[in-house]
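# Structural features, examined
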Amino acid sequence: MNTEQFRRAGYQAIDRICDHYNSMEEKAVKPSVEPGYLQKALPSAPPTKGEDIEVIANDFQDLIMPGVMHWQHPSFFAYFPAAGTLESIIGDLYASTAMNPGFNWMCSPACTELENVTMDWAASLYGLSKDFYNSANVGGGVIQTNASECAMLAIVAARSRYLMLYPDVPMEKLVIYVTTQTHSLGLKAGLVLGLSVYAFPVRTEDNLSLRGEDLREIIEMDRAEGKHPFVIIGTVGTTSSGAIDNIDEIGETLSDYPEIWLHIDAAWLGAAFSCPEYRERCRVPAINEYADSVCVNFHKWGLVSLDCSGMWVRNRKHLTEALDITPPFLRSSEGDAGTVIDYRNWSLALGRRFRSAKLWFVLRSFGVEGYQAHIRRSISLGEIFVERVREHPELLELVVPPSFSLSVFRIAPRAVPDISADELNELNELYYRNIDKRKDIMLTRTELNGVHCVRFVTGALETKPHHIESAFAICSETAKASIKEYIE
Ligand code: PLP
């Protein structure tokens, strides 16, 4: 392909991307394909001779796109949003021009420096303490692939810091603390690192968030048994219900155990830190005071396309001491002089994508006000759904208080007189299966302390109030039909 062919193919691709977004609403949210559909449609080996780019692009349209789930669809209310933007696509396109793995500053100074700057911008947008700024030269921010990697790296840094203090502690005595509501990233990190994980049970009456006193009790018990808790993952905005751990209580408790690292997973809710009115509720002051590391996924609610996960550390030396391996071929004079950041020492991979470009395009195009408007809009759309649920107590109920743009609901016990708790769960499973059969809307389910329920999250940029009204109509009609089906 030469540049003229690239120009033609590129214009065609941009036209198709625009058509895709312009016609998104007319499409079903979910694809109607069966498992293995693509394997049947594609040859079992690559072509022997190169093919025309137009033929490939047409096949992409005809074969690949029909199997794509539309996370940006206005009626996508599942998981958490992937609220990527056109600005982000442009940023990614330009980033692809710089096809380099900028792992050291000298490998591509602009890649490192734009990441330094945009991570400071994002820290400022989110109201994070200057301790986390790259420009302060002690802490700093780095873009990782995802929140799971951020958590794992925080754990690796925490372990290294702990073992420097207590070099004789055997690995099998180390314990990672999470709660039963922490994302599976905690258990996965334990699995990968071969470390024990303890998941604190959390009470529904505490809004499913961890209390400082419960933490203290278990630390003391574990220590008495010879165990060494060395890191805790506190979540601000859990996946199931948007619960926010009591970071202030956890932080105060950890003041008595300063060797235990506090990592904050705010993968989804962190985007709401951009609005000053939500910071107190999101425990940002406590994060600023106590957290050793924080993660916010720009690629969830934060307007940037996958993958782009922000990680800030209070003291970069803990990350680099844990991760810096510098064979002669990776040395550089700037790195040796310690005057630059070499991001390879802040992450798992050596080569890294130029992710800050898309973050830069987004932050500049939206500005602080545009970013805040997106967050406030998503929350007010979610409130419409909550209001409708509350208006129909004979049919539906909220299982826990709504959390920003996320609400968790189910068919209410009073909708079916004399139903047992197990039967109500069965009914709500049936209810979710019936919602899930639909292609025009997407929601996901969860379970909160044994209660089966359905989640509803807003955040797609094109969602309007009428999409919420239609979604509620579908949810209430499906609830009535599911009750009828269950009783019969
Ligand atoms: N943390 C929370 C609270 C999440 O909800 C999720 C995913 O939904 C994750 C972490 C995992 O994020 P990632 O896919 O970036 O690893």
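Predicted model, so just to flag it, every value in this text is computed and none were measured.

## Comments concerning the nonpolar core
If you look at the biggest cluster of nonpolar residues, it comprises 126 residues, and the most contacted ones within it are Phe77, Ala151, Ala154, Val231, Ile264, Val294 and Cys295. Here this core gets 11 residues from one element, more than from any other, and that element is helix α14 (residues 356-391). Setting aside its immediate chain neighbours within four residues, alanine 151 contacts Leu185, Gly186, Ala189, Ile233, His263, Asp265 and Cys295.

## Some words on the pairing of strand β4 (residues 228-235)
In terms of burial, β4 is largely enclosed, as 8 of its 8 residues are buried. Judged from the 4 bridges that link them, strand β2 (residues 174-179) and β4 form a sheet pairing that is parallel. In the sheet register, isoleucine 176 faces β4, and the bridge partner there is valine 231. Of the strand pairs in this sheet, β4 and strand β5 (residues 261-265) are connected by 5 bridges, and their pairing is parallel.

## Overview of helix α15 (residues 421-436)
Relative to the 22 Å expected for 16 residues at 1.5 Å per residue, α15 spans 22 Å between its end C-alpha atoms, a close match to the ideal helical length. Taken residue by residue, α15 has Leu427, Asn428, Tyr431, Tyr432 and Ile435 as its buried positions. In an axial view of α15, the angular spread of the buried residues amounts to 140°, which keeps them on one side of the axis. Exposed side of α15, more than 90 degrees from the buried face: Asp422 and Arg433 are the residues found there. Considering only its buried residues, α15 is in contact with β9 (406-411), β10 (444-448), β11 (451-457) and α16 (465-487).

## A look at the domain arrangement of the protein
Annotation of the protein at the domain level lists domain 1 (3-68), domain 2 (99-353) and domain 3 (364-487). Every contact between the two is made by 16 residues of domain 2 and, on the other side, 18 residues of domain 3. In terms of residue class, the side of domain 2 that touches domain 3 is made up of 9 nonpolar, 7 polar and no charged.

## Some thoughts on the UniProt feature "modified residue: N6-(pyridoxal phosphate)lysine" (unreviewed entry) in the protein
With numbering matched to this structure, UniProt assigns "modified residue: N6-(pyridoxal phosphate)lysine" (unreviewed entry) to Lys300. Assignment of secondary structure puts lysine 300 in the loop between β6 (293-297) and β7 (309-313). Each residue touching lysine 300, except ones within four places of it in the same chain, is listed here: Phe80, Pro81, Ala82, Ala267, Trp268 and Ala271.

## Some words on the site of the ligand
Asn146, Ala147, Ser148, Thr239 and Ala267 are the nearest of the 16 residues found near the ligand. By residue class, the composition of the shell around the ligand is 6 nonpolar, 9 polar and 1 charged.

## A few points about the packing of helix α6 (residues 147-165) against helix α12 (residues 316-323)
Running from N to C, α6 and α12 point in directions that differ by 85°, and their axes come no closer than 8 Å. The angle between the axes of α6 and α12 places the two elements in the roughly perpendicular class. Contacts between α6 and α12 involve Leu153, Val156, Ala157, Ser160 and Arg161 on the former and, on the latter, His318, Leu319, Glu321, Ala322 and Leu323. Along the lines of polarity and charge, the residues of the contact of α6 with α12 split into 6 nonpolar, 2 polar and 2 charged.

## What about the environment of isoleucine 379?
Tracing the backbone through its elements, the reader meets isoleucine 379 in helix α14. Residue classification places isoleucine 379 among the partly exposed residues on the basis of 19 C-beta atoms within 10 Å. Measuring from C-alpha to C-alpha, the distance between isoleucine 379 and alanine 147 comes to 22 Å, with 232 residues separating the pair along the chain. Sequence-distant contacts of isoleucine 379, that is, excluding residues within four places in its chain, are made with Phe404 and Ser405.

## A word on the sheet that holds strand β1 (residues 140-144)
Judged by pairing direction, the sheet is mixed, and its 7 strands sit side by side in the order β1-β7-β6-β5-β4-β2-β3 without closing on themselves. Across the chains shown, the open sheet's two edge strands, defined by having one partner strand only, are β1 and β3 (196-200). Direction aside, the axes of adjacent strands within the sheet are offset by 20° on average. Pairing of β6 with β7, which is carried by 5 bridges, proceeds in the antiparallel orientation. In the strand pairing of β7, asparagine 297 is matched with serine 309. Running at roughly 165° to β5, helix α9 (residues 247-254) makes contact with β4 and β5 of the sheet.

## Thoughts on the sheet that holds β10
The strand order across the open sheet formed by 4 strands is β8-β9-β11-β10, and the pairing between neighbours is antiparallel. Of all the strands in the sheet, the pair left with one neighbour each is β8 (396-398) and β10. Taken pair by pair, the neighbouring strands of this sheet meet at an average axis angle of 40°, ignoring direction. Sheet topology places β9 next to β11; 4 bridges connect them, and they run antiparallel. Looking at β11, one finds that serine 407 is bridged to phenylalanine 456. The strands touched by α15 within the sheet are β9, β10 and β11, with β11 carrying the most contacts at an inclination of about 30°.

About the criteria used
Numbering of residues begins from 1 in every chain and follows the order in which that chain's sequence is written. With the structure being a predicted model, the display of local features is reserved for residues of pLDDT at least 70 and the display and counting of side-chain atom pairs for 80 or more, all residues being used for whole-chain, interface and lining totals. Definition of nonpolar core: a set of buried Ala, Val, Leu, Ile, Met, Phe, Trp, Tyr and Cys residues joined via C-beta atoms within 7 Å. Residue burial is a threshold on neighbouring C-beta atoms within 10 Å of the residue's own C-beta, all placed from the backbone, with 20 or more meaning buried, 12 or fewer meaning exposed, and counts in between meaning partly exposed. Numbering of helices and strands runs from the N terminus; a helix is a DSSP stretch of H or I covering at least four residues, while a strand is a stretch of E covering at least two. Two residues qualify as a contact pair if the distance between their C-beta atoms, derived from the backbone, is within 7 Å. Following DSSP output, two strands are said to pair if at least two bridges run between them. Each helix should span, by expectation, one fewer than its residue count multiplied by 1.5 Å. This arc corresponds to the set of directions leading from the helix axis out to the C-beta atoms. Domain start and stop positions are those given by an automatic or database domain assignment. For this classification, Asp, Glu, Lys and Arg are treated as charged, while Ala, Val, Leu, Ile, Met, Phe, Trp, Tyr, Cys and Pro are nonpolar and the rest, including Gly, are polar. UniProt positions are given in the numbering used here, feature names are shortened, and annotations may be inferred rather than shown by experiment. What makes a residue near a molecule or strand is its C-beta atom, placed from the backbone, lying within 6 Å of it. Only C-alpha atoms enter the line fits that serve as axes; for helices the fit covers just the stretch in contact. Angles between N-to-C directions range over 0 to 180 degrees. Oblique is the label for any angle not covered by the other classes, which are roughly parallel (under 35 degrees), roughly antiparallel (over 145) and roughly perpendicular (65 to 115).

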